[in-house]
Amino acid sequence: MVCPLRCYRRGVYTAGRTAELTGVPRETLRKWEQRYGVVRPARSEGNYRLYDDDAVRRLSVMRDLVDAGWSPREAARHVLEEPTASAVALPDGTEAAFGPVDELTACANDFDLVRLEQALDKAFAQDDLRAVVDDWLMPSLVRLGEAWQQGAVTVAGEHFVSAAVLRRLSQTFEHLPHAPSGAPHVMVGLARGSRHELGVMAFSVVLRSRGVRVTYLGADLPVEAWVDTARALRPDAVVLGVPTVEDLPAVREAVGAIARIAPVLLGGAHQGRVPQAEGLGHRAGEAALALRDRLVATS
Ligand code: B12
C-alpha cells in the first residue's frame, strides 16, 4: 500500500518495522546503538524503542557500509561524522522561493506530470542556479530517496520524478552559453556501474552557468574511457561522483588511473571514502563555484 506523505515525514517506527526497513536484525540494531551510539531511539510508554526517519537513514547507510566490507566500528564513525543533505538545515525562505522540498515526492505518488513540471518550472525560474541546486533540488531528491526506501513511493514513482529532473537539468545545461575560449575545462561523470547522475549533472549545470567549459560524460563510464579521454582532452580537472557505497571500488580504480593525467576531485555522499582524491563537499552548487574560482586563479 502506498503510504500518504504524513507517514514518513514524521515517521516513528518500532524496532520490528525498523529492522524491516533497514534490513538490520533487531539484535544488531541494539548492538549498534549500545556499542557505537549510531542511533538514540526514544522510548514508548511501555519502554519499547522508537526510531525516527533519521535513525532509519543512518542505520541503512551503516548496513550498506558493513555489507561492503567495512568493520562496524569504522562504518559507525563514518555515519556519525559525515553530514548528508538530509542533515543539512535549509535556509529560511527556501520554500517561499522554490516551493516545498516534499513536492517532488508528492508528484511521485500521484504521477501528475503537470504538477511535476510546474514544480520544476517554479524552481528553475530562479536566476541563481546554485541556490536551486543546493537549497531545493538536492534536498528534494534526498526526500524522494527516503520515501522510496520506506515504501512510501513506488519504484515507478521515483523513476517518473528522477527522469523528469534529468530532462530539466539536461535542458538547462544545453541552453547555457558556450564557455569563452581560454576558460577552464572540467570533465565530469561517473565511474563504471554508477548510474546516479543527477548530482554530477546538477554540479555541471552550475559550473557551466559560471563560464567553465564542461565536458559531461554521464553515467557508467569504464576506466579505460576515462583515461583515453583525459589524455586526449587534457582538462584542468576531472570530477567524479560517488553517490553510493557500491560505487567505491570503481571510483577508486578510476581515480588511481586518471590522477596521473589530471587532478581528480569528488562529489556525492561517499566522496570522503576515497583517500587518493579530494572531496569537493556536499553542496554541489557551492562546490562548482569554488572550483571555478580555484581554476581561474591558477590559470
Ligand atoms: C534518483 C535515484 C535513482 C535513479 C537515478 C537516476 C539518474 N539518472 O540519476 C535510479 C533509478 C537509476 C536509481 C538506481 C538505484 N538506486 Co537510487 N536513488 C535515487 C535517489 C532518489 C536520488 C539520487 C541522487 O540524485 N542523489 C544525489 C544527491 C541528492 O545525493 P548524494 O549522493 O547524497 O549527494 C549529496 C552531496 O554529496 C551532493 N552531491 C551530489 N552529487 C554531487 C556531485 C558533486 C560534484 C558535488 C561536489 C556534490 C554532490 O549533493 C547531495 C546533497 O547534499 C537516491 C536518494 C539519495 N539520498 O540520494 C537513491 C539512492 C542513491 N539509490 C539507492 C539505491 C539502493 C539504488 C539501486 C541499487 C536500486 C536498485 N535496487 O536497483 C540502483 C543502483 C543504480 C546504480 N547502478 O548506480 C540508495 C543508495 C544507498 C547506498 N547503497 O549507498 C539511495 C540513497 C536510496 C536510499 N535511501 O536507499 N536510483
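This one's a predicted model, so the numbers in the text were calculated from it and none came from an experiment.

A. The arrangement of the domain arrangement of the protein in detail. Considered domain by domain, the protein is made up of domain 1 (5-81), domain 2 (87-175) and domain 3 (185-298). Put simply, the middle of domain 1 and the middle of domain 2, counted by C-alpha atoms, are 26 Å apart. Contact residues are listed per partner, giving ten residues for domain 1 and nine residues for domain 2. With both sides pooled, the region where domain 1 packs onto domain 2 buries about 860 Å², and carbon together with sulfur makes up 54% of that total. Linking domain 1 to domain 2 there are zero salt bridges. Scanning the region where domain 1 abuts domain 2 turns up two residue pairs in polar contact (both at pLDDT 80 or more). Mapped by element, the contributors of at least two residues to the side of domain 1 that touches domain 2 are helix H1 (5-9), helix H2 (15-22) and helix H4 (53-67). Among the elements that take part in the side of domain 1 that touches domain 2, H4 stands out by supplying four residues, more than any other. Considered class by class, the residues forming the side of domain 1 that touches domain 2 number five nonpolar, one polar and four charged.

B. Spotlight on the coordination of the cobalt atom of the ligand. Of the protein atoms, His 196 (NE2) alone serves as a donor to the cobalt atom of the ligand, at 2.2 Å. Mapped onto the elements of the fold, His 196 is located in the loop between strand S4 (185-191) and helix H11 (198-209).

C. Focus on helix H10 (residues 155-175). Taking 1.5 Å as the rise per residue, H10 with 21 residues should run 30 Å; its terminal C-alpha atoms sit 30 Å apart, in good agreement. The set of residues buried in H10 consists of Gly 157, Glu 158, Val 161, Ser 162, Ala 164, Val 165, Arg 168, Leu 169, Thr 172 and Phe 173. Next to the buried residues of H10 lie helix H7 (103-110), helix H8 (113-124), helix H9 (129-149), H11 and strand S5 (213-221).

D. Seen up close, the sheet that holds strand S3 (residues 49-52). Pairing in this open sheet of three strands is antiparallel, and the strands run S1-S3-S2 from one edge to the other. Looking at strand neighbours, the two that pair on one side only are strand S1 (12-14) and strand S2 (42-43), the edges of this open sheet. Note: S2 against S3, two bridges, orientation antiparallel. When the bridges of S3 are listed, Ala 42 appears paired with Leu 50. Of the strands in this sheet, S1 and S3 touch H4, which is tilted by about 85 degrees from S3.

E. Just the site of the ligand, in detail. With respect to spatial proximity, 35 residues lie near the ligand, and among them Gly 193, His 196, Glu 197, Glu 246 and His 282 are the closest. Within the backbone of Gly 268, one N or O atom sits 3.3 Å away from an oxygen atom of the ligand. Within the backbone of His 282, one N or O atom sits 2.7 Å away from an oxygen atom of the ligand. For the shell around the ligand, the secondary structure elements donating two or more residues are H9, H10, H11 and helix H14 (284-298). Top contributing element to the shell around the ligand by residue count: H9, with six residues. Counting residues domain by domain, the shell around the ligand receives three or more from each of domain 2 (87-175) and domain 3 (185-298).

F. Looking closely at the nonpolar core. Within the largest apolar cluster, 49 residues are counted, with the highest numbers of intra-cluster contacts made by Leu 137, Leu 169, Val 186 and Phe 203. Taken together, the elements giving at least two residues each to this core come down to H7, H8, H9, H10, S4, H11, strand S6 (237-241) and H14. Among the elements that take part in this core, H9 stands out by supplying ten residues, more than any other. Looking at which domains feed residues into this core, each of domain 2 (87-175) and domain 3 (185-298) gives three or more. Discounting residues that sit within four places of it in the chain, Leu 169 has contacts with Phe 124, Leu 137, Leu 198, Met 201, Ala 202 and Val 205. One finds Val 38, Val 61, Leu 65 and Val 242 within the second-largest nonpolar core, a separate group that totals 42 residues.

G. Geometry of the confidence of the model for the protein. On average, residues of the protein score 89 in pLDDT, and 93% of them are at 70 or above. Overall, residues 1-10 carries pLDDT values under 50, and its contacts beyond four positions in sequence, including any with other chains, amount to 20 contacts.

Rules used in this analysis
Residues numbered from 1 in each chain as written. Predicted model: local features only at pLDDT ≥ 70, side-chain atom pairs only at ≥ 80, totals over all residues. Heavy atoms only, no water. Domains from an automatic or database assignment. Contact = heavy atoms within 4.5 Å. Buried area = accessible area lost by both parts, 1.4 Å probe. Salt bridge = Lys/Arg side-chain N within 4 Å of Asp/Glu carboxyl O. Polar contact = N/O pair within 3.5 Å; in protein donor to acceptor, adjacent residues only side chain to side chain. Helix = DSSP H or I, 4+ residues; strand = E, 2+ residues; numbered from the N terminus. Nonpolar A, V, L, I, M, F, W, Y, C, P; charged D, E, K, R; others polar. Donors = N, O, S within 2.8 Å, 3.2 Å for Na, K, Ca; no water. Expected span 1.5 Å × (residues − 1). Buried < 20%, exposed > 50% of the residue type's maximum accessible area, 1.4 Å probe, protein only. Pairing = 2+ DSSP bridges. Axes fitted to C-alpha atoms, helices over the stretch in contact; angles between N-to-C directions. Near = heavy atom within 4 Å. Core = buried A, V, L, I, M, F, W, Y, C linked by side-chain atoms within 4.5 Å. pLDDT = per-residue confidence, 0-100.

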